[in-house]
Amino acid sequence: MTDAIRVSRPLSGTDKTLTLEAGRLAQLADGAVLASLGGTVLLATVTAARTVREGMDFFPLTVDIEERAYAAGKIPGAFFRREGKLSDQAILICRLIDRPLRPSFPKGFRNEVQVVGTVFSADQENPHDILAINAASAALMISGIPFDGPIGAVRMAYTVDGVWQPHPTYAEGDESVFELVVAGRALGEEPDSDVAIMMVEAGGTEGSFERYAEGAPKVSEEVLAAGLESAKTWIRESVELQRELVRAVTAARGPIETIPYSVFRDYEEDVYARVEAVGLAAIDAANRLTEKQARAAALDTATADIQAQLAEEFPDRAGEIKAAVRSLTKKLVRQRIVTEGVRIDGRTTTDIRPLSAEVDLFPMTHGSALFQRGETQVVNVTTLGMPRMRQQLDTITPDEWRRYMHHYNFPPYSTGETGRVGAPKRREIGHGMLAERALVPVLPSEEEFPYAVRVVSDVMQSNGSTSMASVCGSTLSLMAAGVPIKEPVAGIAMGLIHDGEAYVTLTDILGAEDAFGDMDFKVAGTADAVTALQLDTKIDGLPADVLARALHQARDARLAILDVISATIPAPRTEVSEVAPKIVSLEIPIDKIGEVIGPKGKVINSIQQETGADVAVDDDGVVGTVTIGAKDGRAVEEARRRIEMILDPPTAEVGATYQGRVVNIAKFGAFISLLPGRDGLLHISKMSPLNGGKRIGQVEDVLELGQTIEVRVDDIDPQGKVSLSLAGEYESAAGGDTYDEAPAREPRRRSERPERSERPERSERSSRPSSSFEDAFEAELADAIGDLGPGDPNFSEGGEGSNRRRRRR
C-alpha cells in the first residue's frame, strides 16, 4: 500500500477543516479522492473510457452517489436489508455534481466518463453534498481526464439575524430561513481572483415564514445577490485546496499525464459555409414564425430542402448538414434578440406569454388546478391524508419524515412525441423537488394543519419551464384544497444572451431559448420574498449588476403571475373538500397515552370501530398527540368526544345503573366499561345469577369480551376503584347473593405467640376443621338456594375433617 497524499485547510468563519486525500483507496481508478469534513467522509472516483463508442454524438457523463447505510450506523430498512435504488436526495446530489462539471469538459469530448461518490461516514451534522462536489472535482484534477477545473462548492445559510453563514450543519440549516448551494470556478491563479458562478441551488427552509413573522429578515433579491457574492470566498478556498492537492500529487509521483482523446466536431466549416449560403433565408423566415408547431414544421422543411440541395456536394454527410442547420438557427435567434430585441415568438425581452388559471377541475380530488403559460400547460392535484401517510425516509441524513411530497410527471405526449412511460427519470425527480422546495416555506405547521400533503404535477404541454408552471399550479391546487398556506407562490424561468459586451436578460424563456442561451435560472417566491432559486450558466463570470437586474426582472414577472393566481382564487378555502378527510389534532399528557390506546389497543380500536374515525397516537417524548380523521365530520367529533372523556373521565355514581361492556376478563372477575375512561370490577362471586344461581367455575363460562351487560355501582374506594354488581333482569336473583364477612381477627403480638416447641405438629394442625371466606360463602348459598353440586377442584366440599387445598401465590 502506497503512502497517502493528504492536504487540509481550515474553512474561514468556521471551526471546521476540509481534508482531501489521494493515493490510498481505489488506485485503479483514473482519479480517487477521499474527502472529509468533520465526521463526514466520502470517496469520489472518476474513470474514463479510452475510446469513443461508435455512433456517440454527445458527451456521456454519468454521476452516481452511493449512500451506504453503515455510514450512519444503520441497517437498510428494505425487505432485503440492502441498499437499492438511489434515494431522491442522492439523485439531487448527482444533479448538483453534474451541472457544474459537464460544461467544464472540452467541447467535442465524447469519451464516456463516470463519477461515483461513496459515503463512508455520515456524522449527522455536516451534509455530504458539498463534500461530493469538491471531491469529484479534485478527483478529476488528478485523473488526467481533460477537465477545466477546479470547481469549488459551498453551502450558505441565511440566519434569523440576517447573516450568511458558511458550511452550516443540518441543525443550523434547519434553524435558518434560507439555504444556498453555490458552485463556481476561479478565473485566475491568484488568491483574490474572481469566481465564475456556474451553479446555484437554493430554497427557503421549513417554517421560514413563521420566523419572518417573528422578525427575521426576509430573503429579497438584494439579499440573494449578496449571498452569491459572499459565497465566492469559500469557493476560492476549496479551489485553492484542490490545487494544493494537485501540486502534492505531482511532487510525489511526477506530472499528471492527460489521457489520449479526440475532439469530435458536429460539422466541418465547409459544410457550415454551404448551409449558410443556400439556407440562410429559409431558416431566418422559419424562425420568425411565432407558433411552435408551425415554426418546427417550417424548420423541418427548410432542413430537408438544404439537405436535398447539398446531397450531391456532400454525400454521406447528412448528419453534418443537419448539425450545421441547428448551429445557424442558434446564431440567427441570438443575433435577432441582441440586435432587434425580438424573440422567436415575437415577444420583447420582458414580455410574459398569455396566462390562464382555473381550479376545481375534477369532482373527486381534494384540490385541483390548471395553469397555462403560452404553450406550457400543467395540471396539479392536491391530496390530503392522515399524518401517518407521510413518507418515512430511509436515508443517512437526520431527516426521518417527509410530510409534504411533490411529484412531477413529464409524459412524452406533452411534447408531441412518443417515448417511455414508467418510473420517473432523474429530471422529473429534480423538477419535483425544485417545486417542493419553493412551496415548503409557506406551508402551515403540522400543529396548524395536521395533514400529510401530496401534490402531483402532470405536464400536459411543454414549451418552456414546466417546473415553474408546476409551482404556480400547485399554489392554486393547495388553496383550492383548503391548505392554509402563508402566501401564494409563483415561479418564472429566465434566460440570458451574452454577446461581446452585451448581456440581454429574457423573461419567461421558451424551450429553444433555453437551449440557445447562456444562462438558465428559475426563481420562485411570494410578493416580497424568494422561496427557491435554480441557476446554471455557460459563461465565465456573471457581473453582479447583470445578476441583480435579472433577479429584479424576474420579480416583476412573478408579481404579474401572482395577480392571475389571486384573481382565480383570492385565498385558501376555509374548509377542506367534502371528499377530503376531516382531521383534528389534540395534545395529551404523555402519561395518558396508555389509557387512550388501552390494553393491546382495545380502547383505540373500539373508538375506531364504533365511530368509523381513524385515530393515531404519537409522541415526541414530552407530549402526546392524538390525530383523528374521517370523511364524515360527525365521526371525527364523536371520536374526539370519547378521547376527551378518557382524558377527563366522568365520575360514576354509587347506586346508579349503567349499560356496560366487558373489556377485560380475569380469574377473579370481569372489568366492565361504564363510561369512557371509567371501568369497574364485577367480581366472580357476584355472577351466579348469570348461571341460574349456580356457582361459577370460570368467568368465561358466563361472560365474553365485548358483551353488553347492565350493572350497578356498589362502591367507589378512595383510589377511584369501582365495585359493581348485576342489575336489570338479574337484580332480584342477585339480591340474595350476599354474605356476612367474618369479623376481623385481632392480630396477636409476638409475645403472645406460643414458642415453636409448644406449637402443634403439622399433622395435628391439618386435622383441625378449616374455616374460610369460601366455606362461609358456600354454606350461606346452600342455605339460600340448595346444594351447589361438586365444588371447584381447588377447594374441598367444606365441613369437619376436610382440608382446603390452597393455591400457591
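Below you will find a few notes about this structure. (Residues numbered from 1 in each chain as written. Predicted model: local features only at pLDDT ≥ 70, side-chain atom pairs only at ≥ 80, totals over all residues. Heavy atoms only, no water.)

Thoughts on the pairing of strand 18 (residues 490-499)
Inference 1: Across the ten residues of strand 18, eight count as buried, placing the element largely inside the fold.
Inference 2: In the sheet, strand 18 pairs with strand 20 (residues 519-525) via seven bridges, with the strands oriented antiparallel. The partner of G491 across the bridge, within strand 20, is A524.
Inference 3: As paired elements, strand 18 and strand 19 (residues 502-507) share six bridges and run antiparallel to each other. In the sheet register, D499 faces strand 19, and the bridge partner there is A502.
Inference 4: Here strand 18 hands over to strand 19 after two residues, with G500 in that stretch at a positive phi of 65°. (Buried < 20%, exposed > 50% of the residue type's maximum accessible area, 1.4 Å probe, protein only. Helix = DSSP H or I, 4+ residues; strand = E, 2+ residues; numbered from the N terminus. Pairing = 2+ DSSP bridges.)

Regarding the side chain of S137
Inference 1: Residue placement: S137 occurs in helix 2 (residues 129-141).
Inference 2: Here the side chain of S137 touches I151 through a polar contact of 2.8 Å, landing on its backbone nitrogen.
Inference 3: When sequence neighbours within four positions are dropped, the list of residues in contact with S137 reads F147, P150, I151 and Q242. (Polar contact = N/O pair within 3.5 Å; in protein donor to acceptor, adjacent residues only side chain to side chain. Contact = heavy atoms within 4.5 Å.)

Focus on the sheet that holds strand 28 (residues 708-716)
In any sheet, the strands associate via hydrogen bonds between backbone groups, in a parallel or an antiparallel arrangement.
Inference 1: Here we have five strands rolled up into a closed barrel, ordered 25-26-27-29-28, and mixed in their pairing. Sheet twist, expressed as the mean angle between neighbouring strand axes with direction ignored, is 55°.
Inference 2: Relative to strand 28, strand 25 (residues 657-666) runs antiparallel, the two being bridged by five bridges. Residue R661 lies in a different strand from strand 28, and its bridge partner there is T708. (Axes fitted to C-alpha atoms, helices over the stretch in contact; angles between N-to-C directions.)

Focus: a nonpolar patch on the surface
Inference 1: The grouping of L25, Y70 and F120 at the surface amounts to a nonpolar patch, some 260 Å² of accessible area in total.
Inference 2: Topologically, F120 is positioned in strand 6 (residues 113-121).
Inference 3: Among the residues examined, F120 registers a relative accessible area of 31% and is labelled partly exposed. (Patch = residues over 30% accessible without salt bridge, like charges linked within 9 Å, V, L, I, M, F, W, Y side chains within 5 Å. Areas by Shrake-Rupley, 256 points an atom, 1.4 Å probe, with all protein chains shown as cover. Salt bridge = Lys/Arg side-chain N within 4 Å of Asp/Glu carboxyl O.)

Side note on a positive patch on the surface
Inference 1: On the surface, K107, R326, K330 and K538 cluster together into a patch of positive charge.
Inference 2: The residue K330 is located in helix 8 (residues 318-340) in this model.
Inference 3: A relative accessible area of 34% means that K330 is categorised as partly exposed. (Lys, Arg positive; Asp, Glu negative; His and termini not counted. Charge placed at Lys NZ, Arg CZ, Asp CG, Glu CD.)

A few points about the sheet that holds strand 1 (residues 5-10)
Inference 1: Spatially, the six strands line up as an open sheet ordered 1-2-3-4-6-5, and their pairing is mixed. Every other strand in the sheet has two partners, leaving strand 1 and strand 5 (61-67) as the edge strands with one partner each. On average, each strand axis in the sheet is tilted by 15° relative to the strand beside it, whichever way the strands run.
Inference 2: Sheet topology note: the strand 4 (residues 40-48)/strand 6 ladder contains eight bridges and is antiparallel. Of the residues in strand 6, the one forming a bridge with A48 is V113.
Inference 3: Where helix 2 meets the sheet, it contacts strand 2 (17-22), strand 3 (31-37), strand 4, strand 5 and strand 6, and its direction lies at approximately 40° from that of strand 4.

Observations regarding the environment of G184
Inference 1: Looking at the secondary structure, you find G184 in strand 9 (residues 178-186).
Inference 2: The buried category is assigned to G184, whose relative accessible area is 0%.
Inference 3: Taking the C-alpha atoms as reference points, G184 and P100, 84 residues apart in sequence, are found 7.3 Å from one another.
Inference 4: Not counting chain neighbours up to four residues away, the residues in contact with G184 comprise P150, I151, G152, V195, A196, I197, M198, I235 and V239.

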